[in-house]
Amino acid sequence: MTHRFIVIGSNSFSGAQFVKYLLQHRHEVLGVSRSPEPHEVFLPYRGLPSTDKFRFAQVDLNNQIDELIAHTKEFRPEYVVNFAAQGMVAQSWDIPEHWYQTNVVGQVRLHDQLRKLPFLKKYVHVTTPEVYGSTDGWIKESFHFAPSTPYAVSRAACDLHLMSFFNAYQFPVVFTRAANVYGPGQQLYRIIPRAMLFARLGRKLQLHGGGHSIRSFIHIDDVADATYRIATQGTSGETYHISTREIVSIRELVQKVCALTGVAFEDLAQVAEERMGKDQAYLLDSGKIRSTLGWQDQIGLDQGWQETLAWIDANLDTLKALPQDYIHKP
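Residues numbered from 1 in each chain as written. Predicted model: local features only at pLDDT ≥ 70, side-chain atom pairs only at ≥ 80, totals over all residues. Heavy atoms only, no water.

**Student:** Help me understand the sheet that holds strand β6 (residues 173-178), please; the structure alone is not making it clear to me.
**Tutor:** Two modes of strand pairing occur in sheets, parallel and antiparallel, and in both the strands are linked by backbone hydrogen bonds. In space, the seven strands of this open sheet follow the order β3-β2-β1-β4-β5-β6-β11, with parallel pairing throughout. At either end of the open sheet lies a strand with only one pairing partner, and these are β3 (54-58) and β11 (239-242). Across the sheet, the mean angle from the axis of one strand to that of its neighbour is 20°, orientation sign disregarded. With four bridges joining them, β6 and β11 adopt parallel strand pairing. Looking at β11, one finds that Thr176 is bridged to Tyr240. Packed on one face of the sheet, helix α1 (residues 13-24) meets β1 (4-8), β2 (28-33), β3 and β4 (79-82) and runs near 165° to β1. On the sheet, helix α6 (residues 220-233) packs against β1, β4, β5 (122-127), β6 and β11 and is oriented at approximately 145° with respect to β5. (Pairing = 2+ DSSP bridges. Helix = DSSP H or I, 4+ residues; strand = E, 2+ residues; numbered from the N terminus. Axes fitted to C-alpha atoms, helices over the stretch in contact; angles between N-to-C directions. Contact = heavy atoms within 4.5 Å.)

Structure follows, in structure tokens:
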């Protein structure tokens, strides 16, 4: 059975990969983003046989909400999956109002319109483990928040707002909180593709705080499968963690990249000061989605890192000519 999906933030890494997953399964998709579609190297759904089932609308969530709702009413999706957010933790300290505008105010306006649409079966809100703050061991899903940056505070505020809509209006929201996502096609300012690209280009990578923070990295293909299951089978009002059981420090990750690329650690990594408000660990217990929705992660770190490096190498001439640092858009 095929369904209709609107994917908000379809030009993001996770959004574009989810579009690919949906098209591979022959669903109809309307992708929405405030920016034009980026270089095709970041659009994994390009060239799929089912691209006739995809269309794109450039719409700004903050300034064109009426247009977004008009597209939604015309397309009549069963599911809306929202990847759109002002990301980047460190930069959220610089102009925090931009993060609150996009991640709270703009989202509230959207949700207040979506809740009135009778054809919507499920709204998937893609949020973040950063709402919890630094975790002490493996934690289960909850709304016990301790955010430590403007980015995290903005996401926590939106999550609480959505729960109030679920309780008041039975708005069919489900929440996903994924571990650190990676894979081919990721933006070059993220740690794994950045480390690999810099290793190939002979550039120095800043290793904040020496790279001792702990993370659980999960391949984007596993996240896309989990997101689909949550959209179609998840229970409204519930939160689902998407995570592996593999953990690695950022330093160990960079060491692995060095081993894969044949570059000495001291030639790639340069220790820098720790970022303000950086959490030491995000360890998410994913037992709930495994037991209730039958999901299992399929791609281990060794395979996933090799796939990502293969993407870097196959597109090296293109990637080295593209911007490699985060460019802020208000």
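**Student:** Got a minute to help me understand the packing of helix α5 (residues 191-201) against helix α7 (residues 250-261) in this structure?
**Tutor:** Between two packed helices, both the angle of their axes relative to each other and the distance between the axes serve to describe the pair. Packing of α5 against α7 brings their axes to within 10 Å, and their N-to-C directions diverge by 40°. Taken together, α5 and α7 sit at an angle that is classed as oblique. In the packing of α5 onto α7, the handedness of the crossing is right-handed. In this structure, α5 uses Ile191, Ile192, Ala195, Met196, Ala199 and Arg200 to contact α7, whose residues at the interface are Ile250, Leu253, Val257, Leu260 and Thr261. (Parallel < 35°, antiparallel > 145°, perpendicular 65-115°, else oblique. Left-handed = near helix turned anticlockwise from the far one by under 90°.)

**Student:** Sorry, what's going on with the packing of aromatic side chains here?
**Tutor:** Each aromatic ring pair is summarised here by two numbers: the centre-to-centre distance and the angle between the ring planes. With the rule as written, the count across this model stands at 15 aromatic pairs. Here Phe18 and Phe83 contribute two aromatic rings whose centre-to-centre distance is 5.8 Å and whose plane-to-plane angle is 55°, an arrangement assigned as tilted. Taken together, the residues span a long stretch of sequence, with Phe18 in helix α1 and Phe83 in the loop between β4 and α3 (96-114) at a distance of 65 residues. For Phe18, a relative accessible area of 1% corresponds to the buried category. Their ring planes at 75° and their centres at 6.4 Å tell us that Tyr182 and Phe217 sit as a pair that is edge-to-face. Of this pair, Tyr182 sits in strand β7 (residues 180-182) while Phe217 sits in strand β10 (residues 217-219), and the two are 35 residues apart along the sequence. The rings of Phe5, Phe18, Tyr21, Tyr79, Phe83 and Tyr228 are connected pair by pair, giving a single aromatic cluster. (Phe/Tyr/Trp six-rings, centres within 6.5 Å; stacked < 30°, edge-to-face > 60°. Buried < 20%, exposed > 50% of the residue type's maximum accessible area, 1.4 Å probe, protein only.)

**Student:** Any chance you could explain the packing of α1 against α6 here in plain terms?
**Tutor:** The contact between α1 and α6 brings their axes to 9 Å, and the two run at 70°. With respect to each other, α1 and α6 are oriented roughly perpendicular. Like other packed secondary-structure pairs, α1 and α6 cross with a definite hand, here right-handed. Residues Phe13, Ser14, Gln17, Phe18, Lys20, Tyr21 and Leu22 of α1 pack against Ile220, Asp221, Ala224, Asp225, Thr227 and Tyr228 of α6. Among the residues making up the contact of α1 with α6, the classes are represented as seven nonpolar, three polar and three charged. (Nonpolar A, V, L, I, M, F, W, Y, C, P; charged D, E, K, R; others polar.)

**Student:** In this structure, what is going on with α1? I would like to understand it.
**Tutor:** Helical geometry: 3.6 residues make up each α-helical turn, so side chains three or four residues apart lie on a common side. Taking 1.5 Å as the rise per residue, α1 with 12 residues should run 16 Å; its terminal C-alpha atoms sit 17 Å apart, in good agreement. With 10 of its 12 residues buried, α1 lies for the most part within the structure. Those residues of α1 that are buried are in contact with β1, β2, β3, β4, β7 and α6. Backbone geometry just downstream of α1 places Arg26 in the positive-phi region, at approximately 65°. (Expected span 1.5 Å × (residues − 1).)

**Student:** Help me out: how do you make sense of the side chain of Thr102 in this one?
**Tutor:** Examined against the element boundaries, Thr102 turns out to sit in helix α3. Polar contacts involving the side chain of Thr102 include one to the side chain of Asn62, which spans 2.9 Å. Non-local contacts of Thr102, meaning those with residues more than four positions away in its chain, are made with Leu61, Asn62, Ala85, Gln86 and Gln107. (Polar contact = N/O pair within 3.5 Å; in protein donor to acceptor, adjacent residues only side chain to side chain.)

**Student:** When you look at the environment of Leu293 in this model, what are you seeing that I'm missing?
**Tutor:** Turning to its location among the elements, Leu293 is positioned in helix α9 (residues 287-293). Taking C-alpha positions, Leu293 is 6.7 Å from Arg229, a pair spaced 64 residues apart along the chain. Residues within four places of Leu293 in sequence aside, it is in contact with Arg229, Ile230, Gln233, Gly234, Tyr240 and Lys288.

**Student:** Please explain the pattern of salt bridges as it appears in this structure.
**Tutor:** One pass over the full model with this rule turns up 15 salt bridges. Residue Glu37 pairs with Arg46 through a salt bridge whose shortest N-O separation is 3.0 Å. The exposure class of Arg46 is partly exposed, given its relative accessible area of 42%. A salt bridge links Asp225 to Arg229, with the nearest nitrogen and oxygen atoms 3.1 Å apart. Placement of the pair is Asp225 and Arg229 together in helix α6, with a separation of four residues, close to one helical turn. (Salt bridge = Lys/Arg side-chain N within 4 Å of Asp/Glu carboxyl O.)

**Student:** Would you take a moment to explain the side chain of Glu78 for this structure?
**Tutor:** Here Glu78 is to be found in the loop between α2 (65-75) and β4. Residue Glu78 is classed as buried on the basis of its relative accessible area of 18%. Residues in contact with Glu78, not counting those within four places in the same chain, are Thr2, His3, Arg4, Phe119, Leu120, Lys121 and Lys122.

**Student:** Sorry, what's going on with the nonpolar core here?
**Tutor:** A general trend in soluble globular proteins is that nonpolar side chains are found buried together. Among the nonpolar cores identified, the biggest contains 36 residues, and Phe5, Phe18, Leu22, Tyr45, Ile242 and Ile289 are the most heavily contacted of them. When contributions to this core are tallied by element, the ones reaching two or more residues are β1, α1, β4, β5, β6, α6, β11 and α9. (Core = buried A, V, L, I, M, F, W, Y, C linked by side-chain atoms within 4.5 Å.)

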